[in-house]
Amino acid sequence: MSLAPVPTEVVVAPRVMAEQRTPQRRRAPRTRVRVPRVPPRVSVGRWLTRGLSLAVGMALWQWAASHHVDLGIVQFRNVPAPTEVAVAAAGLLASPKLAFHVRNSLGRVLGGFAGATVVGIGLGLLIGRWKRAADLLLPPLEVIRPIPGVAWIPLAILMFPSSELSMVFITFMGALFPILLNTIHGVEGLDARLVAGARTLGARSFSLFREVILPGAMPSIVTGLSIGMGTAWFCLVTAEMISGQYGIGYYTWESYNLQRYPDIVVGMLFIGLFGMLSSLAVKWVGALLMPWYRLREPAR
Amino acid sequence: MTAPAGRLTARQLTLALGSGAARQLVIERLTLDAAPGEIVTVLGPSGCGKSTLLSALAGLVAPSGGTLSLDDQPLDGPHPALGLVFQQNTLLPWKTVEDNVAFGLKMRGQGRRARRTAALEMLNLVGLSGLGDRYPSQLSGGMQQRVEIARVLVNQPRVLLMDEPFAALDAQTRLMMQELLLEIWARVRVTIVFVTHDIDEAILLGDRVVVLTQRPGRIRETLPVPIARPRRAEVTTSAAFTDLKRRCLALVREETLQGLAAAN
């Protein structure tokens, strides 16, 4: 899986560390200078260099694996070579098991993520807008926040009747805080003049939320959703390794237990692929929801 | 679309900002009466409390003394018949120009079709026909300010409160906007209270120029503007204009100097 740069049309702010607040986006004074947003042209030579870099990486891997290289602190004796991985991947792609694993994993991630979206945005709007809500709701959340989603696994198994629900809960915990914190941040960073202006035009609490506060916080919320999607996958895979029966994370771990080493790497690649695709989907939905946002971006 | 009446009265108005030891008197026992359809411009040295005064007239700042009334009804808090145009841009960046203009009507529960008709009419009035589907960020500063005016006028206010609405524009655009405002006013006949630190602007627009003192602001002098309407930018070179300008300049300078002396 190469980490090729994502196309520049993507609207969302660059990824920051999970659960870290995004830097406050201050409104720059409006200028009328408009920089045309043309994706930077990359020459053929640079593409060749990049392709070569990838090819060299693969070749090194192939060489290390096929020669069972042993460097003392790390050894490649049991590491499958790219060619073996390709064969295993073709096998999995042809088998009906793949759809089954993918469906299980996707269901869990989407379940936890959807829950985190509703709870995170809902609480975030309240906490960001009202001091009373912040005093009332934030202290217990702040206590829970530093606990990584993965650390919830044992307790989650004890708390939920089915292992399915406990895995969904773990992905929920993983995605909740990035979404919640970015929503709070987006609401607090909203320009007070926009709110005052809307109020003089007759906006009252509910309409103010719907028409001003939610859309104003949306860029920050989408950033939170995109980070949350990443952490949801991270938590899911770990949860599946421990308590799963199906799913891509489970498949990876099962392959290790059954000593089907090429399948481990195939599982890893699928996890990366689906994590990336779902983050892209979040960004794409964000871009659809905020056609105005890209327009103002060049003015910053 | 002529709105009924529009007399805005402030009696013995006193405004203070902050609380406790940080409490500052901004406006002291100020009495001002804007007649229906009149343009009153409020001129004063910077920091004299002009903007605070306007916020109070709009119901955004509660007075600590005195009374406010609109057509003899006491005012407390924002009133739909009072339209406020801000100094800086407060358009919602996620709404198109048309939706920004129609926003006030949406808040009052009007249907989509009625909103659209009214918004298009207003955009036409401010000279922005055909730009309704743009986003605010796609417009120049002067155009954005036209949208600000349109979205306040769409609510058919009896009084238009304007807080240095053209201060951020370049000189040429500002002049065009002043003429545009006069044209709109000639058609709509709304009462306007217009705060500015620009003497030319105050005289060009106003029926009366109210000069404030330094903080705490009181009325230093009220100068009627004896220049016939309709006015265009050319009147700024007339003898009557320059005469009045000289007097305003002297008053503002005097107040500014006293303010500096008091601060030292």
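Residues numbered from 1 in each chain as written. Chains lettered and ligands numbered in written order. Predicted model: local features only at pLDDT ≥ 70, side-chain atom pairs only at ≥ 80, totals over all residues. Heavy atoms only, no water.

On to the overall build of chain B. When you go through chain B residue by residue, the secondary structure sums to seven helices and 10 strands. Over its C-alpha atoms chain B spans a radius of gyration of 18 Å, differing by no more than 12% from the 18 Å that the globule rule assigns to 264 residues. The dimensions of chain B, computed from C-alpha atoms along their principal axes, are 55 × 45 × 35 Å. Across the 264 residues in chain B, those meeting the buried criterion constitute 54%. Taking as baseline every contact in chain B between residues at least 6 positions apart, the subset at least 24 positions apart corresponds to 71%. Here chain B displays about 11,400 Å² of accessible surface, and carbon together with sulfur accounts for 50% of that area. (Helix = DSSP H or I, 4+ residues; strand = E, 2+ residues; numbered from the N terminus. Rg over C-alpha atoms; globule rule 2.2 N^0.38 Å. Buried < 20%, exposed > 50% of the residue type's maximum accessible area, 1.4 Å probe, protein only. Contact = heavy atoms within 4.5 Å. Areas by Shrake-Rupley, 256 points an atom, 1.4 Å probe, with all protein chains shown as cover.)

Residues and elements named next belong to chain B. Over its 14 residues, helix α3 (residues 112-125) extends 20 Å from the first C-alpha to the last, a length consistent with the 20 Å expected when each residue adds 1.5 Å. Restricting attention to buried positions, one finds in α3 the residues R115, A119, M122, L123 and L125. The arc that holds the buried residues of α3, viewed along the axis, is 150 degrees, so those residues lie on one side. Exposed residues lying more than 90 degrees from the buried face of α3 are R113, T117 and N124. Those residues of α3 that are buried are in contact with α2 (97-107), α4 (141-153) and α5 (171-188). (Expected span 1.5 Å × (residues − 1). Arc of directions from axis to C-beta.)

The predicted model of chain B averages 89 in pLDDT, with 98% of residues at 70 or higher. With pTM at 0.76, the complex prediction returns an ipTM value of 0.79. (pLDDT = per-residue confidence, 0-100.)

Glancing now at unusual backbone geometry. Put simply, R215 of chain B and P216 of chain B share a cis peptide bond, and its omega is -10 degrees. Here P216 of chain B shows up in the loop between β9 (208-212) and β10 (219-224). The omega angle of the peptide bond from R229 of chain B to P230 of chain B is -5 degrees, so this bond is cis rather than trans. Position of P230 of chain B among the secondary structure elements: in the loop between β10 and α7 (239-263). With a phi angle near 60 degrees, Q259 of chain A is a residue other than glycine that sits in the positive phi range.

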